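# Architecture and fold: a report
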Amino acid sequence: MTPAAHERRALLVVDDERETLKALRRELRRDYDVLVAESAAQAYEILRERPVHVVLSDQRMPEMTGTEFYARVKADFPETVRLLMTAYADTSAAIQAINEGGVYRFICKPWDPERLAAVVRDAFSHHDRLSEIQRRLCGLAERADELERANQELAAQNQNIHEFVGITAHDLRNPIAAIRWFAAMLLSGAGDPGKDPRRHLLKIQANAEFTLQLLEDLLDITMLEHGDVALRTQEAALSDIVAAAVSLNEHSARQKGIAVVVDVSPGLPRVRCDVERIEQVLSNLLSNAFKFSHPGTTVTVSARAVDGVIEVAVEDHGLGIRPEEIGNLFGKFGRTSTRSTGGEKSTGLGLSICKQLVERHGGTIRVQSELGRGTRVVFTLPALAG
């Protein structure tokens, strides 16, 4: 690369003889931005004020020798290439300067112009090589930091996967073991002959349904986390979605003697959503409300327009949740110490799926609960302009 191809590089010449400074400046100013200093102290101030690529200093100067000057420069400006100009009689001083001040090359007085130009040119090339090495080292350090962060993230992901697999295996093992045990009872003819064997079949059916639900939830959460769920959005009336979700779950409510009240504001703006997925969100919330409510209570589904969004809420008057456990609800397998009132099982994935589906629609979801008084889960969807 020629000097014209980049910003002129700085060469600092230090000598206490003005005529020497003038001569060196005349010879080198065509190729470099030549700065001059008549003392080591003055040179040091220049180094502090601006970047300098190469320094060419005389060995014999008052107050501070070239060796002493370069010892300071080496410590404070290590990226600057240092050249020493000295008489033939000062060879031992030059060697000392090389050892103590990290001098790259030295030039003997009186100098040969061609050799001087060659040494200075080589010094700038050496500076370029050092800069490139430094740049690559910085790049390697940054890359090493990135790899370290990536390793830490992978370790955390592996830990999450390990925990996820462990919890999943535990949750699958229990219903499968129950199915196996009840099936064995039926095949062996064991049990109280006076009781209807259908009770074993009902247990098998319930555990099979739970296992299937868990597998479906696992597929859903995995696809959502990997971005493999494509929403099939359409314009829809939320009142229709609420009605469909309530209808799908009315059997569960009736079995437990729970009344479902629908309170949808009239004239509600329409929404653009994946109808099937929003019905899934409402079904999950209704199922949870039924599980943790006592027979004879009421679950309310409401929807209203608030500040440009539609706010949908499912509220029960059941057992409620401890305040310190609410933050864990939307994590995978986010269970609480609250137990269902009828022995119903939960996969622990429903609310995590709800959160991801709602957020994929541009909405939010939150839980409000008071232990012993019930729970209200609220999610929002953007409303279409009228």
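Just above, that's the structure.
So, here is what we can say about the structure in this document. Bear in mind the structure is a predicted one, so any value in this text is a computation, not a measurement.

### Looking at the nonpolar core
As a rule of thumb, nonpolar side chains are buried together in soluble globular proteins. By size, the foremost hydrophobic cluster in this structure holds 42 residues, and its most contacted members are Leu238, Ile241, Leu282, Leu285, Leu286, Val314 and Phe379. Elements that contribute at least two residues to this core include exactly helix H7 (238-256), strand S8 (271-273), helix H8 (275-291), strand S9 (298-306), strand S10 (309-315), helix H9 (350-360), strand S11 (365-370) and strand S12 (374-382). Residues within four places of Val314 in sequence aside, it is in contact with Leu282, Leu285, Leu286, Ala289, Val299, Thr300, Val301, Thr375, Arg376 and Val377. Grouped together as the second largest cluster of nonpolar side chains are 20 residues, Leu21, Leu28, Tyr32 and Phe124 included.

### Observations regarding the sheet that holds strand S5 (residues 105-109)
Strands belonging to one sheet form pairs held by backbone hydrogen bonds; the direction of such a pair is parallel or antiparallel. Read from one edge of the open sheet, five strands run S2-S1-S3-S4-S5, paired in parallel fashion. Across the chains shown, the open sheet's two edge strands, defined by having one partner strand only, are strand S2 (33-37) and S5. Each adjacent strand pair in this sheet contributes to an overall mean axis angle of 20°, direction not counted. Direction of pairing for strand S4 (residues 81-87) relative to S5: parallel, over a ladder of five bridges. Paired with Met85 across the strands is Ile107, a residue of S5. Contacts from helix H1 (residues 18-28) reach strand S1 (10-14), S2, strand S3 (54-58) and S4 within the one sheet, and its direction differs from that of S2 by about 170°. Its contacts with the sheet put helix H2 (residues 40-49) on S1, S2 and S3, and the angle it makes with S2 is roughly 140°.

### Side note on the packing of H2 against helix H3 (residues 66-76)
For the pair H2 and H3, the least separation of the axes is 11 Å and the interaxial angle reads 15°. Judged on the interaxial angle alone, H3 and H2 are roughly parallel. Crossing of H2 over H3 shows right-handed handedness. Across from Ala40, Ala43, Tyr44 and Leu47 in H2, the residues of H3 making contact are Phe69, Arg72, Val73 and Asp76. Class assignment for the residues of the contact of H2 with H3 results in six nonpolar, no polar and two charged.

### Quick look at unusual backbone geometry
Omega for the peptide link from Lys109 to Pro110 comes to -10°, which places this bond in the cis form. Secondary-structure assignment places Pro110 in the loop between S5 and helix H5 (113-188). For Glu63, which is not glycine, the phi torsion reads 75° and is therefore positive. Under the relative-accessibility criterion, Glu63 is labelled exposed at 80%. Residue Asp307 is not a glycine yet carries a positive backbone phi of 50°. Along the chain, the position of Asp307 falls in the loop between S9 and S10. When its relative accessible area of 78% is taken as the criterion, Asp307 is described as exposed.

The rules behind the values
Residues numbered from 1 in each chain as written. Predicted model: local features only at pLDDT ≥ 70, side-chain atom pairs only at ≥ 80, totals over all residues. Heavy atoms only, no water. Core = buried A, V, L, I, M, F, W, Y, C linked by side-chain atoms within 4.5 Å. Buried < 20%, exposed > 50% of the residue type's maximum accessible area, 1.4 Å probe, protein only. Helix = DSSP H or I, 4+ residues; strand = E, 2+ residues; numbered from the N terminus. Contact = heavy atoms within 4.5 Å. Pairing = 2+ DSSP bridges. Axes fitted to C-alpha atoms, helices over the stretch in contact; angles between N-to-C directions. Parallel < 35°, antiparallel > 145°, perpendicular 65-115°, else oblique. Left-handed = near helix turned anticlockwise from the far one by under 90°. Nonpolar A, V, L, I, M, F, W, Y, C, P; charged D, E, K, R; others polar.

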